[in-house]
Amino acid sequence: MPVSDLSSRTVLLTGATSGIGYQTARLLAERGATVLVHGRTAEEAHAATDRLITLADVDASRLCSFAADFTRLEEVEQLAARVLAEHPHLDVLVNNAGMAAPERHTVTADGNEIAFQVNFLAHYLLTHLLEPALAGGSGGRVVNVSSSLHRTGSIQWNDPNRTRRYSRLAAYAQSQLALTVFAADPRVTAVSVHPGICATSLMPLYAHEGVSPAEGAAHVVRLCDPAVEIVNGAYYDRDHRVEPAAAATEERTVKRLTKLADVLVGHTV
């Protein structure tokens, strides 16, 4: 497929300071997109944009840095408010920020299990707060960077924080399943993608070796391209559309997750 010019596109990319996120930012900017580079702190976001300008020879005018610590939902709300103020039209939101669940059960200041909040709830909140920007014009799209491990997950509806029985792998898989289910939410046009096993900080969850983050990023960038038609709720394993876990397409599960997430983020969005 020919590589199309993305110079008219504005993309917000979460977790853009390292790994797949950083390489996705590079590839998008090289194709002309305006990239809103999100990092956990302002320092990390600025450092990433500086690296893109100096090492990847990306035009500085194509980059804007944003910061929010996803372990604090208040910062997610502040991020959304700033994006809406500065970029009222957003073509793509890439929900990429993620973490491996820690060895010990950890709860955020908002009261949520940390991996569930960082990998899913923060993105849930951000996506819906940004709906006004995504809904305009030709219609924006959301790309959730998910994981094949969503297939091993189950959402503990009565104990999403897994306080009774904690396993870091189960907590991570639950967060990825929730993110994949969220793509079928009818309020936004969204897809999920497993970018392959890449040599990033999350790789130990999967295997001992993986492909380069740039290779994984290419699969994410492809779904940001308006020339690539998408179906709401679709799941991709790299370039191939495949069926996700059965739960990810169940209307009942989508509704139940929406209810749960609304409660956990503290208000209906």
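The structure this text deals with has already been given above.
Residues numbered from 1 in each chain as written. Predicted model: local features only at pLDDT ≥ 70, side-chain atom pairs only at ≥ 80, totals over all residues. Heavy atoms only, no water.

(A) Representation of the overall build of the protein. The number of helices and strands found in the protein is 8 helices and 8 strands. Within the protein, the fraction of its 269 residues that count as buried is 54%. Contacts in the protein between residues far apart in sequence, at least 24 positions, make up 74% of those at least 6 positions apart. Element-wise, carbon and sulfur atoms account for 51% of the exposed surface of the protein, whose accessible area totals about 11600 Å². (Helix = DSSP H or I, 4+ residues; strand = E, 2+ residues; numbered from the N terminus. Buried < 20%, exposed > 50% of the residue type's maximum accessible area, 1.4 Å probe, protein only. Contact = heavy atoms within 4.5 Å. Areas by Shrake-Rupley, 256 points an atom, 1.4 Å probe, with all protein chains shown as cover.)

(B) Summary view of the packing of helix α4 (residues 114-129) against helix α6 (residues 168-182). With their axes 7 Å apart at the nearest point, α4 and α6 run at an angle of 20° to one another. By the angle class used here, α4 and α6 are roughly parallel. Read as a crossing pair, α4 and α6 show a hand that is left-handed. Of the residues in α6, those touching α4 at Ala 115, Phe 116, Asn 119, Phe 120, His 123, Tyr 124, Thr 127 and His 128 are Tyr 172, Gln 174, Ser 175, Gln 176, Ala 178, Leu 179 and Phe 182. Taken together, the residues of the contact of α4 with α6 break down into 8 nonpolar, 7 polar and no charged. (Axes fitted to C-alpha atoms, helices over the stretch in contact; angles between N-to-C directions. Parallel < 35°, antiparallel > 145°, perpendicular 65-115°, else oblique. Left-handed = near helix turned anticlockwise from the far one by under 90°. Nonpolar A, V, L, I, M, F, W, Y, C, P; charged D, E, K, R; others polar.)

(C) Layout of the packing of aromatic side chains. Per the stated rule, a full pass over the model turns up 4 aromatic pairs. Between Phe 120 and Phe 182 the ring centres are 6.0 Å apart and the planes differ by 75°, which places this aromatic pair in the edge-to-face class. Of this pair, Phe 120 sits in helix α4 while Phe 182 sits in helix α6, placing them 62 residues apart in sequence. Of the two residues, Phe 120 and Phe 182, both sit in the buried class. Between Tyr 124 and Phe 182, the aromatic rings sit 5.1 Å apart at their centres with planes inclined by 50°, giving tilted as the arrangement. With Tyr 124 in helix α4 and Phe 182 in helix α6, the pair connects residues that are 58 residues apart, well separated along the chain. Of the two residues, Tyr 124 and Phe 182, both sit in the buried class. (Phe/Tyr/Trp six-rings, centres within 6.5 Å; stacked < 30°, edge-to-face > 60°.)

(D) Here's a closer look at helix α2 (residues 42-54). With 13 residues, α2 ought to run about 18 Å at 1.5 Å a step, and its terminal C-alpha atoms sit 18 Å apart, in line with that. Inspection of α2 places Ala 45, Ala 48, Thr 49 and Leu 52 among the buried residues, and these make up the whole buried set. Viewed end-on, α2 has its buried residues packed into an arc of 95°, placing them on one side of the element. Those residues of α2 that are exposed and angled more than 90 degrees off the buried face are Glu 43 and Thr 54. (Expected span 1.5 Å × (residues − 1). Arc of directions from axis to C-beta.)

By themselves, these observations are geometric and do not establish any function.
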